[in-house]
Amino acid sequence: MHILRRPLDNLLKKDSKWNWSPKCQESFNQFKRILSSKLLLTHYNPQHEIIVAADASNEGLGACILHKFPDHSIKAISHASRSLTEAERKYSQIEKEALAIIFAVTKFHRMIFGRQFILQTDHKPLLQIFGNKKGIPSHTANRLQRWALQLLSYDFKIEYIKTTEFGHADVLSRLISHQQRPEEDFVIASVKMETDLFSVLNESLQSFPITFQQIKEATKEDDILQKVINFTLNSWPQNVDDSDLQPFFRRRNSLTVIQECLLFNDRVVIPQQFHQQILKQLHKGHPGMERMKIIARSYVYWPRIDQQIEEFVRNCRNCTLAAKSPIKVPLSSWSLPEKPWQRVHIDFAGPLNGEYYFVLVDAFSKWPEIVPTQTITAQRTIDILQEIFARFGVPESLVSDNGTQFTSEKFQNFCLLQGINHLHTPPFHPSSNGQAERFVDTFKRALSKCETEGKEVKKHLCTFLQYYRSTPNPNVPNQVSPAEALLGRPMRTTLDLLKPSKCSTAQPEKPLPKQKQEEQYNRRHAVKSKKFEPGTKVYVQIHTYNKWSWIPGEIVEKVGRVIYNVLVDTRSRLVRAHANQIKFRAIKDNDDSSQQQEIQLPLEILINAFDQGGKQENIQETTSVPQGNSTSPQILEDINQELLQPQESSSQPDSGQRSEPVQQEQPVLRRSQRNRRRPRKLEDYQCHSSR
């Protein structure tokens, strides 16, 4: 074919001159012979299978009728096409495709009426409208419903053909020039619908307490309906500017007049004076908007009936009170505060296990506070808040529900004196205080897991708060823990023991205020460094019943820069003392034996030194020091010698005279050896001693 049409294609090329050459004429004649030959066309034969194809474009309609032969070859019988009017060009695509089918069946009415045929289309949605065996769908547009009713007169089977395989009908709809719509050469049977429509009218009016005569009389008095009836019986103009007539003009193809009453399809057009009466009748039983519309679409019609039904139902008090809850508005969350402790949310949880729990949550850091309480009065609430505000400060805003303890005058005065903006959430709308309500739910679930009562609840409460505050929260800025967001540092827990410790050998530099404080203290007290080695005999300051005394002891070890562990001789126990509570002790050979006898050794030293009669026996066991004892062996040896000295003196022969106890030597008082300095306030004076 492209070889035959090449001369004709050259005429259509850009910048080519029009020259109808003999080759062009020969190509044109050859095309006519091919198109009119038996290769493409055939005569109509009702014995063969009939196919009707229809298609539509934005410019026109195309249709063709074909025969399918036993050898499965298909040949065309006739082709038809026409352009669309200005009104038809505004149809939707599905309406254009349906219009093409109506054009095809009416064009080939003589050949297909009373015979079974195949109806082909490339618009698949039409299969559900024109080929549905269950009937015409109720939601179909009125125009499509009318066309579907028209197709019920034909016996056909509709099928879908892809657009790429539908060129024989598609090309006819596109190669259309702009021309006037020709007279349609089809035959339509004359149908008398007067009797049928009159029965529909009577059936519709019987459902309402309004008689046909009333509708008839009211229609005569309605000027608008009289104009519509006049246009319907005669002819409608091309355009209608009256806004009252435009709704009827758009539906002019569905309007009929029966006994001076106007009908829209099978619905009676009600005059305006009966609108409210009909609406009341439709609303009997208080149906909803949709059900009321369904009832109205089966009986009556007037312009804007759907809007009036909706307004009538909305104004019905009983329907409004019994209606479902309104659709929820979009969620409006609380804005995130700019800093910690700017807005806090409070609520009470419980009673749980006989106790209430006061819950406070910071909106910025999510830091929670839970305080168990037996009462939930306004005064108790104020006491709890004062305790919390003493630790973290007073917030700017405080959000609570409408509990009596929060709405009382006492609580309002407390917020006013503290400068707190107290915000109340709507009653019975807990999501407005969602920050506190959500944490209350989390807290209740945590308590239900512990399965404990009484004192154990407080223990689990502390554990829950510790781990909640130290756990990173994705809702906190930078996704840190509540403790770090509020306190500026993470909380230390037992899990931190799993991390390696950060040991620094460098001595941290003391801040300047500390250095000045030490210098002032040293200068004022004329300090002197002291250092005690393990095993040094000392006196240690022991406090008993608000009194203190110097007790002999011995240095065991040094546990700090100025802290020592001292073994007290008279009490056989270790005490921890500061260097300022220790002084050197001088050791002499003639120490009081009675004082030495009061020395008690630690339990680790086992010595059998005396028998039951008081006689001296040889020591059978030597002293031993268990491993892990902080006392050095040299200290134990010195203590043993001190223990044995009084026993040697007692082993001498008894002279019959009782020896007098040796008096304990009193320490010699001496003057302080510290350097005395003149006070700064006397530097400008000349001082003389009174001695």
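What comes next concerns the included structure. The structure presented is a predicted model; accordingly, all values stated were derived computationally and were not measured.

## Looking at the packing of aromatic side chains
Link 1 in the chain: One pass over the structure, following the stated rule, counts 19 aromatic pairs.
Link 2 in the chain: Where F264 meets Y301, the ring centres are 4.7 Å apart and the plane angle is 40 degrees; that geometry is what we call tilted. Here Y301 lies in strand β9 (residues 300-301) and F264 lies in strand β7 (residues 261-264), a separation of 37 residues in the sequence. As far as the burial class goes, F264 and Y301 line up, both buried.
Link 3 in the chain: Grouped by ring-pair contacts, the aromatic residues F348, F358, F389, F406, F411 and F414 constitute a single cluster.
Link 4 in the chain: Here R143 stacks its cationic end above the ring of Y91, 4.3 Å away from the centre of that ring.
Link 5 in the chain: Positioned above the aromatic ring of F249, the side-chain terminus of R252 is 4.2 Å from the ring centre.

## A word on helix α17 (residues 378-392)
Link 1 in the chain: Its 15 residues give α17 an end-to-end C-alpha distance of 21 Å, which sits within 8% of 21 Å, the value for a rise of 1.5 Å per residue.
Link 2 in the chain: Every buried residue of α17 is listed here: A378, T381, I382, I384, L385, I388 and F389. Seen end-on, α17 carries its buried residues on one side only, within an arc spanning 165 degrees.
Link 3 in the chain: Residues of α17 that are buried sit in contact with β10 (343-352), β11 (355-362), β12 (368-373), β13 (397-400), α18 (404-407) and α19 (409-418).
Link 4 in the chain: Immediately beyond the C-terminal end of α17, within one or two residues, lies G393, with a positive phi of roughly 100 degrees.

## Looking at the pattern of salt bridges
Link 1 in the chain: In total, this model carries twelve salt bridges according to the counting rule given.
Link 2 in the chain: Taking the shortest distance from any N to any O, the salt bridge between E86 and R89 comes out at 3.1 Å. Taken together, the residues span about one helical turn, with E86 and R89 both in helix α3 (residues 86-89) at a distance of three residues.
Link 3 in the chain: Two residues, R143 and E95, come together in a salt bridge whose shortest N-O distance is 3.0 Å. Of this pair, R143 sits in helix α7 (residues 142-151) while E95 sits in helix α4 (residues 93-107); the two residues are 48 residues apart in sequence, bridging distant segments of the chain.
Link 4 in the chain: Bridged by salt links that share partners, the residues E369, E387, R391 and R469 form one connected network.

## Re the nonpolar core
Link 1 in the chain: Membership of the largest hydrophobic core comes to 34 residues, with the highest contact counts inside it found for V52, F117 and F130.
Link 2 in the chain: Sort the elements by how many residues they give to this core and α4 lands first, with eight residues.
Link 3 in the chain: Among all residues touching V52, those that are not within four sequence positions of it are C64, I65, A104, F108, I112, F117, I118, L119 and Q120.
Link 4 in the chain: Core analysis: the second largest hydrophobic core is formed by 21 residues, W341, L360, W367 and F414 among them.

## Focus: the sheet that holds strand β18 (residues 573-578)
Link 1 in the chain: On the basis of which strands lie adjacent, the open sheet formed by five strands has the order β18-β17-β16-β15-β19 and antiparallel pairing. Strands at the two margins of the open sheet, each flanked by one partner only, are β18 and β19 (582-584). Neighbour to neighbour, the strand axes of the sheet diverge by 45 degrees on average, direction disregarded.
Link 2 in the chain: Bridge count for strand β15 (residues 537-544) against β19 is three bridges, and the pairing is antiparallel. The partner of V538 across the bridge, within β19, is F584.

## Examining a nonpolar patch on the surface
Link 1 in the chain: Together, W18, W20 and F28 give the surface a local cluster of nonpolar side chains, amounting to about 360 Å² of exposed area.
Link 2 in the chain: Tracing the chain through its elements places W18 in the loop between α1 (6-11) and α2 (22-35).
Link 3 in the chain: In this structure W18 comes out as exposed when scored by relative accessible area, which is 61%.

## So, the sheet that holds β9
Link 1 in the chain: Overall, mixed pairing links the four strands, which are arranged β6-β7-β8-β9 in an open sheet. The two strands at the open ends of the sheet, each matched to only one other strand, are β6 (255-258) and β9.
Link 2 in the chain: Sheet analysis places strand β8 (residues 267-269) next to β9, joined by two bridges and oriented parallel. In the strand pairing of β9, V268 is matched with V300.

Quick notes on the rules
- Residues numbered from 1 in each chain as written.
- Predicted model: local features only at pLDDT ≥ 70, side-chain atom pairs only at ≥ 80, totals over all residues.
- Heavy atoms only, no water.
- Phe/Tyr/Trp six-rings, centres within 6.5 Å; stacked < 30°, edge-to-face > 60°.
- Helix = DSSP H or I, 4+ residues; strand = E, 2+ residues; numbered from the N terminus.
- Buried < 20%, exposed > 50% of the residue type's maximum accessible area, 1.4 Å probe, protein only.
- Lys NZ or Arg CZ within 6 Å of the ring centre and 35° of its normal.
- Expected span 1.5 Å × (residues − 1).
- Arc of directions from axis to C-beta.
- Contact = heavy atoms within 4.5 Å.
- Salt bridge = Lys/Arg side-chain N within 4 Å of Asp/Glu carboxyl O.
- Core = buried A, V, L, I, M, F, W, Y, C linked by side-chain atoms within 4.5 Å.
- Pairing = 2+ DSSP bridges.
- Axes fitted to C-alpha atoms, helices over the stretch in contact; angles between N-to-C directions.
- Patch = residues over 30% accessible without salt bridge, like charges linked within 9 Å, V, L, I, M, F, W, Y side chains within 5 Å.
- Areas by Shrake-Rupley, 256 points an atom, 1.4 Å probe, with all protein chains shown as cover.

Any link to function would need more than the numbers given here.
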